[in-house]
Each structure stands twice: as C-alpha cells, then as structure tokens.
Amino acid sequence: MLLVSYDFVAFLFLLLVVYYLIPRRFQWICLLAASYLFYGWGGAFYLLYPVFTTMSTWFLAARIGRLTQQSREKSLPRQQVKKSQRRLLILGLVVNFGILAALKYFNFVVDNVNELLGAAGVLREFSHVNWLFPLGISYYTFQAMGYLIDVYYRKYEPERSLPKLALFVSFFPQMVTGPMTRFDQMRQELFTPHCYDFTNIKQGFRRILWGYFKKLVVADRLGPAILMIVSCPETYDGIYVLLGMVGYAIWMYADFAGGMDIVLGAARLFGIRLPENFEQPFFSKSLAEFWRRWHITLMTWLREYVFFPMAGSRLSRRLAKLMGRKAPVYIASVTVWLIAGIWHGASWNFVAWGMANCLVMLISQELTGLYRSFHQKFRFSNGKGYGYFQIMRTFMLFCCLEMFEYYPFEGVFKMLGSFLSSGSVRQLWDGRFGTLGFCLADLVVLAGGILLIFLADIFQRTGKLGEKLDRQPGVLQYTVVFGLFILVLITGVYGHGYDASQFIYNQF
C-alpha cells in the first residue's frame, strides 16, 4: 500500500476510528494487525520476510537472555556464556543480513562475475534471479538487528512477547521508509494505552498534509525533469549540469522529507512519537554537520553499531600500534561509508558515492587544526556573512557528491568540466529546456513550493513550527491548514503532469 494513495487515506481513517473505540489494552494488537494488513496489501507472500526476521530475532534474543539468566543462577563461566551468546548473535546477523544481501545484491554480484569471466575469455554467463523483493527490507532488517545487538550487550532485557516484538519490527508507518528506531525508545510509545487527544489528531493530519505538499507539489513535479537531465548527459551538458545537480538534491529532499512527514504524522494520530529524520540539513555549515541532519536515524545506526564497535575493538587497538593512532578511525569511517553506499543501492555508483563522502569527511577532519587557526586569525569568519558562505558551500558540495549516484565515476568529472568550461545561462534558451516538460504554470508552482519549504525550514530553526502555529488563534490555524489542503488538491493531485510515483526511499 503506497503512502500516496486513496487506499492509504481510507485505511488510516478506518484504523483511527477502530483504534480509539476498542479497549485501550488492545490498541497495540490493533496496530499489529493493521501493520500486517498494510504490508501484505500487495500480496500475502511478502509478509514471509518480516515474519521470518521477527521470529528469528525473537528466538535468538530470548536465547541470549536465557543464557545471561543461567549464568547468574548457576554461576556459569562468564567467558563460556559470552562465547555462546556471540555465536547466537553472529547467527542472527548472518541469516538476516544474508537474506537482505541475497535479495538486494545477488544480481549485482552476478553482473560483476560475468564481466570478470568475459574479460578472462570464459564464455559461460550466470543468469539473474527474479526475486520477489519486499519493500523496506533494509529498514526493518537494520532495526531488528539493532535490537539483537542491544540485547547481546545487555542494554535492556529481551522482549518476552513475540507479538510485541513483531509490532516493533513492522509498525506500519515506518516500515517501508523508516525512520529506524531502537526498542528501548519505542517500547513505551507502542505499548502504552493512548487516550483520544484532539491535539494529536490535529498535529498528525497537519504533518501528513505538509508531507503530501512536499511530495505531490514539488517532488513529483520536479522528478521527471531531473531524471531526464541526469540520464542523458550527452544532451544536457553545460548549465544543465548545474540544474541537474541542484534539482536532484531538492527533489531528493522534498521526496524523502515529505515521506517522513507523512510517516511521523500518521504515527502521531495514534499518540506515537517517532524520532525526526531531518533537521533542516540544507542549513548545515559542514558536510559532517549535514550528515548529522540528513537521514539521522540511519547515520545514528551506523555510528552506534558499526563505527564505535570497530574503532574501539581489540583489532583496532592492535592496528593503532602498527599503523598509527588514527588508523582505527580511518578504517571504521571507510567501513561505515561503504555500508552507507551499498545500503542506498546495488551499483558501483553508490559505492563511489560513499567513498567520495568518506574522503571529503576525512580530509576535513585532518584540516580541523587549520580551520581553527583560520577562524582565530580572520575575525570575519565568525560573522553571519561567512556563515551564509559556509551553508552555500556545504550545499554545493553535497550536490557535487550526489553526482556519483547518477553519473559513472569518470562521468562526474567530465560533466563538472562541461559546466565549468562551457556553462552559460544563455543555454537555457537554446531549446533544450523546453524538452523537460515544464509549462509556465509548472514553473510558477514549483518555484512557490520550493520557496514555501525553504521558509518553513527557516522558521523551524528557531523552534518547532507546529508548536508556534498551535499558539496562534484557531481561525489562523484552520486558514493555514485549509490553504495548504487547497494547494495540494489543485497543484498536486490535479496539477499538470501529476504522477503518483512511489517514494524514492521505498526501494531500500
């Protein structure tokens, strides 16, 4: 079931009525049933994947917890118990990440093996496998494995109830697009009974409506033109390279952040607060700050479950003695960004994207002392003007790095060279812009939509925009919401060239 569909809207309304009419102790069971219905809407077979992940995670976590209890009661050797628990953890990681790898990366590996065999003169080729790929498998797999790792490190006790763990893994708003959460964060949110609260309903629907605005008015209008630009580099060069890279970043943000608004708003209807996944990333002054504001929960997961364990491991300490004290940080950083790249897509483009981000981050880290000296010596660098320069620099750096996602590695530098050497505003009137499918009304709506998102993010920086609106007179609140609804209805759903495409991040 797509988040942008009449089915989802009807599903949400009906579930909301049932949720607040039934006895409160059954609310979490209602959410679990609704989550499985939501995910299995496209076919019951798809439910086998999250069900298997849930059952395997529950069983292994329970076994790890039982070993901990036995070690306390029977005074078993701690080293022996830890060894057995480590085996269970590794089994869970290998099985569940193995399923993810097989479904998502098998054909990618086959393509590369066939290329190597062809280069070696071997005629045989391996065939692709047409998997039934479940939506959002990366999200719920990472979330479930985070839970298993937490139980292994005794951050909290394993959940005894299999249905409750099932709801944590498969809570329908976040199942296909995130955000990723931890069990200790969500336990009270999901399983505590919630009374009907009109404030939650009002704020939830307002957040959903804002997400639809970003998606339908901006992302779906901008997306087809951007895809045309980045998929035809031989046609759209020069100034169109700049249009493509900037438009791609805005499209990604409007699409993904719009999806997050719908997800967070839907959860809020039921009194459940999910963590934010974006915090005005385009106002960041460095790439490191940007990645603390963009897809926050994924980067937090990678930092907590990959970077820190690797950087602080026994092997890393040995490498530090051999290669220098910074070696563990470098190795852990490369691993994190390699995983981040592969997580985003099964292609060398995303590997190159991850490594490019890693390289820039490590270079920036090495130049920290130089930056500090620069700011101390030149006082103007502490002013607002220089801060705006840093924001624009970070935005353009992000746009450049995103090019690795849609151009071949060598093509990135070729297209940047094309823009720098021959880019001219006059090229916008050479006939190519007319092939992108925009009419004047589209351009006006698109410009207005982007401006509105930008202004909302500015106001959000000084405090919660929704809370500010709640403090305004009721007439103003409803005028704003009704106006936004009309904008979505006219310029989104019935606008020129509307296409209810899936969210970009659904594929992950």
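Before any of the text, the structure's been laid out above.
Owing to the predicted nature of the structure, the values given are computational and were not obtained by experimental measurement. The residue numbering used here restarts from 1 in each chain and proceeds along that chain's sequence as written. Per-residue local features of the predicted model are confined to residues with pLDDT of at least 70, and side-chain atom pairs are confined, for both listing and counting, to 80 or more; whole-chain, interface and lining totals are unaffected and use all residues. Side-chain measures here rest on the full set of heavy atoms in the structure, leaving out hydrogens and waters.

## Brief notes about the overall build of the protein chain
Here comes step 1: Working definition: helices are DSSP H or I runs of at least four residues, strands are E runs of at least two. Numbering for both runs from the N terminus. Scanning the protein chain for helices and strands turns up 20 helices and zero strands.
Here comes step 2: Here the protein chain has a C-alpha radius of gyration of 25 Å; the compact-globule value for 508 residues is 23 Å, and the two agree.
Here comes step 3: Each residue is placed in one exposure class: buried if its accessible area under a 1.4 Å probe, protein chains only, is under 20% of its type's maximum, exposed if it is over 50%, and partly exposed if it falls in between. Within the protein chain, the fraction of its 508 residues that count as buried is 47%.
Here comes step 4: Whether two residues are in contact is decided by their heavy atoms: any pair within 4.5 Å suffices. Across the protein chain, the fraction of contacts at a sequence separation of at least 24, relative to all contacts at a separation of at least 6, is 77%.
Here comes step 5: A 1.4 Å probe and the Shrake-Rupley method give the accessible areas. Residues count as covered only by the protein chains that appear here. Here the protein chain has roughly 25,600 Å² of accessible surface; of this, 66% comes from carbon and sulfur atoms.
Here comes step 6: Between the mean site of the 49 positive side-chain charges and the mean site of the 30 negative ones, the protein chain shows a separation of 13 Å. As defined in this context, the radius of gyration uses C-alpha atoms, and a globule is described by 2.2 Å times the residue total to the power 0.38. His residues and chain termini do not enter the charge count, which takes Lys and Arg as positive and Asp and Glu as negative. To locate a charge, take atom NZ for lysine, CZ for arginine, CG for aspartate or CD for glutamate.

## Thoughts on helix H18 (residues 440-461)
Here comes step 1: By this rule, a helix spans an expected 1.5 Å times one less than how many residues it contains. Between the first and last C-alpha of H18 there are 32 Å, a value that for 22 residues agrees with the 32 Å anticipated at 1.5 Å per step.
Here comes step 2: Within H18, burial applies to Asp442, Leu446, Gly449, Ile453, Ala456 and Asp457. Taken around the axis of H18, the buried residues stretch over an arc of 100 degrees, which confines them to a single face. Opposite the buried face of H18, at more than 90 degrees from it, the exposed residues are Leu440 and Val444.
Here comes step 3: Taken together, the buried residues of H18 touch helix H8 (198-231), helix H9 (239-269) and helix H19 (465-470). What the arc covers is the set of directions going from the helix axis to the C-beta atoms.

## Observations regarding the layout of surface pockets
The method is simple in principle: a probe with the dimensions of a water molecule rolls over the atoms, and the space it marks as empty is what remains.
Here comes step 1: Site definitions follow a grid-based scheme: protein atoms alone, a 1 Å grid, a 1.4 Å probe that fits but cannot get out for cavities, and for pockets an open set with protein on both sides within 12 Å along at least five of seven lines, plus lining residues having an atom within 4 Å of a point. Grid points are joined across faces, edges and corners, and a volume is the space filled by probe spheres set on the points. Its volume calculated, the largest pocket comes out at about 1,200 Å³.
Here comes step 2: Arg207, Trp210, Gln460, Leu465 and Gly466 are the residues nearest the centre of the largest pocket, which is lined by 37 residues in total.
Here comes step 3: Counting only elements with at least two residues in the lining of the largest pocket, the list comes to H8, H9, H18, H19 and helix H20 (474-493).
Here comes step 4: As a working rule, the residues Ala, Val, Leu, Ile, Met, Phe, Trp, Tyr, Cys and Pro are called nonpolar, Asp, Glu, Lys and Arg charged, and the rest polar, with Gly in that last group. For the lining of the largest pocket, the per-class residue count stands at 18 nonpolar, seven polar and twelve charged.

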